[in-house]
Amino acid sequence: MSVSVVYWSGTGNTQAMAEAVAEGIRRAGAEADVTEVSEKDASALSGENAFALGCPSMGAEQLEESEMEPFVEALEPLVSGKTLLLFGSYGWGDGEWMRNWAERMKNAGAVLVREEGIIANEAPDEEALEACRAAGEELAGKA
């Protein structure tokens, strides 16, 4: 069984979080498929029960708009009944982009492993990385 971890990262912070989620998935005995969003088609996730999505806060607290936003839009009709983990880093604000993203996915019918996602200010510290690992383990249990 393989669990997808799809992310967009500009500086490497969200990528580090994706790798930590994958570590947790592997700790739980599952395979982790870590992929940049540009390499993944949203429809490829339709057959998966559980997966993780990572994106940093951009601009006025929003998802990255050239690759991640279109991916999430395409994914929205496919997430009902699926278990999702959302994560990402931010440089300013208070995490509004993640709360909005979590609300959007819940409204589309997804069940979230972490109610408001996992966020890290700038580079994720060990606490944030461990939260990602723990959530990855939990996600693997839902796949």
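Residues numbered from 1 in each chain as written. Predicted model: local features only at pLDDT ≥ 70, side-chain atom pairs only at ≥ 80, totals over all residues. Heavy atoms only, no water.

**Q** Quick question: what am I supposed to make of the environment of Ala135 here?
**A** Mapped onto the secondary structure, Ala135 falls in helix H4 (residues 126–142). Overall, Ala135 belongs to the buried group, its relative accessible area being 0%. Distance in space between the C-alpha atoms of Ala135 and Leu86 is 9.7 Å, their sequence separation being 49 residues. Apart from residues no more than four positions distant in its own chain, Ala135 is found in contact with Leu85, Val113, Arg114 and Ile118. (Helix = DSSP H or I, 4+ residues; strand = E, 2+ residues; numbered from the N terminus. Buried < 20%, exposed > 50% of the residue type's maximum accessible area, 1.4 Å probe, protein only. Contact = heavy atoms within 4.5 Å.)

**Q** Can you help me understand the pairing of strand S4 (residues 83–90) in this one?
**A** Remark: a regular strand shows side chains that alternate across the two faces of the sheet. For S4, a buried count of eight out of eight residues is recorded, marking the element as mostly surrounded by other parts of the structure. Neither face of S4 is left uncovered, since the one carrying Thr83, Leu85, Phe87 and Ser89 and the one carrying Leu84, Leu86, Gly88 and Tyr90 both have all their residues buried. Pairing of strand S3 (residues 50–54) with S4, which is carried by five bridges, proceeds in the parallel orientation. Paired with Gly54 across the strands is Phe87, a residue of S4. The parallel pair S3 and S4, bridged by helix H2 (residues 68–75), forms a crossover whose chirality is right-handed. Here S4 runs beside strand S5 (residues 111–112); their pairing, made up of two bridges, is parallel. (Pairing = 2+ DSSP bridges. Right-handed = clockwise from strand over helix to strand, strands pointing away.)

**Q** Is there a simple way to think about the pattern of salt bridges in this case?
**A** Opposite charge on two side chains permits them to pair, given that their charged atoms come into close proximity. For the structure on display, the rule yields 11 salt bridges. Where Lys40 meets Asp33, a salt bridge forms, and the shortest distance between an N and an O atom there is 3.0 Å. The residue Arg114 makes a salt bridge to Glu138 at a minimum N-O spacing of 2.7 Å. With a gap of 24 residues between them, Arg114 in the loop between S5 and strand S6 (118–121) and Glu138 in helix H4 connect regions that are remote in the sequence. The exposure class of Glu138 is partly exposed, given its relative accessible area of 33%. The network of salt bridges with common partners includes Glu23, Arg27, Glu126, Glu130, Arg133 and Glu137. (Salt bridge = Lys/Arg side-chain N within 4 Å of Asp/Glu carboxyl O.)

**Q** Can you walk me through unusual backbone geometry in this structure?
**A** Glycine aside, residues mostly have negative phi, and peptide bonds are mostly found in the trans state. Its identity as a non-glycine residue notwithstanding, Glu61 has a phi of 50 degrees, on the positive side. Topologically, Glu61 is positioned in the loop between S3 and H2. The buried category is assigned to Glu61, whose relative accessible area is 12%. The phi angle at Glu122 is positive, at roughly 60 degrees, despite the residue not being glycine. With respect to the element layout, Glu122 can be found in the loop between S6 and H4.

So, to be careful, I would describe these as geometric facts and stop short of saying anything about function.
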